[in-house]
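Here is how the chains run, residue by residue.
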Amino acid sequence: WDGKSHTQNTGIQAIQHWIGNTIRYQIIGNRPIQPSMIAHEHTGYCGETQKLAVATFRSALIPMNGIMNYAEDHVWSEFYERGWYHYDGAVNNPYMYTDGWGKHVINLGLEWG
């Protein structure tokens, strides 16, 4: 993965596609914390999506960390591939929060840009 191309078929994009098809962004029934149960329930919000993404990327030997913004009550992930990249359903789009949602998001762990 070259960090730029979003059209080639890569392991990162295959995982992204699988997660997108596995979780509906809604809650029906339980809110499990175990990634295997999250995948089984097929529902969740950002927390469930983050837990499933971290487990799946790490299973594919792609380093990934979960990130939390306390001020906005939101979580997302960042994976490492010759540098850290934002992951929240989309790859490397960290400004979706400020530009798309109008939120002030501070990531204390990494600098974007």
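Residues numbered from 1 in each chain as written. Predicted model: local features only at pLDDT ≥ 70, side-chain atom pairs only at ≥ 80, totals over all residues. Heavy atoms only, no water.

Engineer: Would you mind showing me how to read the packing of aromatic side chains here?
Structural biologist: In this description, an aromatic ring pair is defined by two values, namely the gap between the centres and the angle between the planes. A full pass over the atoms with the stated rule returns four aromatic pairs. Summarising the aromatic geometry, the rings of F57 and Y87 are spaced 5.2 Å apart at their centres and angled 55° between planes, so their arrangement reads as tilted. Of this pair, F57 sits in helix α3 (residues 46-59) while Y87 sits in strand β3 (residues 84-87), and the two are 30 residues apart along the sequence. As far as the burial class goes, F57 and Y87 line up, both buried. (Phe/Tyr/Trp six-rings, centres within 6.5 Å; stacked < 30°, edge-to-face > 60°. Helix = DSSP H or I, 4+ residues; strand = E, 2+ residues; numbered from the N terminus. Buried < 20%, exposed > 50% of the residue type's maximum accessible area, 1.4 Å probe, protein only.)

Engineer: Explain the packing of helix α1 (residues 11-22) against α3 here, please?
Structural biologist: Helix-helix packing is characterised by the crossing angle of the two axes and by the distance between the axes. With their axes 11 Å apart at the nearest point, α1 and α3 run at an angle of 145° to one another. The two elements α1 and α3 meet at a crossing, and its hand is right-handed. Contacts between α1 and α3 involve I12, I15, W18, I19 and T22 from the first element and T49, L52, A53, T56 and F57 from the second. Along the lines of polarity and charge, the residues of the contact of α1 with α3 split into seven nonpolar, three polar and no charged. (Axes fitted to C-alpha atoms, helices over the stretch in contact; angles between N-to-C directions. Left-handed = near helix turned anticlockwise from the far one by under 90°. Contact = heavy atoms within 4.5 Å. Nonpolar A, V, L, I, M, F, W, Y, C, P; charged D, E, K, R; others polar.)

Engineer: Explain α3 to me, please; I cannot follow it from the model alone.
Structural biologist: An α-helical segment advances 3.6 residues per turn. Residues three or four places apart therefore align on the same side. The end-to-end C-alpha separation of α3 is 20 Å, in line with the 20 Å expected for 14 residues at 1.5 Å each. Among the 14 residues in α3, ten count as buried, and that is most of the element. Contacts from the buried residues of α3 go to α1, α2 (35-41), β1 (64-69), β2 (74-80) and β3. Where α3 ends, the next residue or the one after it, L61, has phi of about 65°, a positive value. (Expected span 1.5 Å × (residues − 1).)

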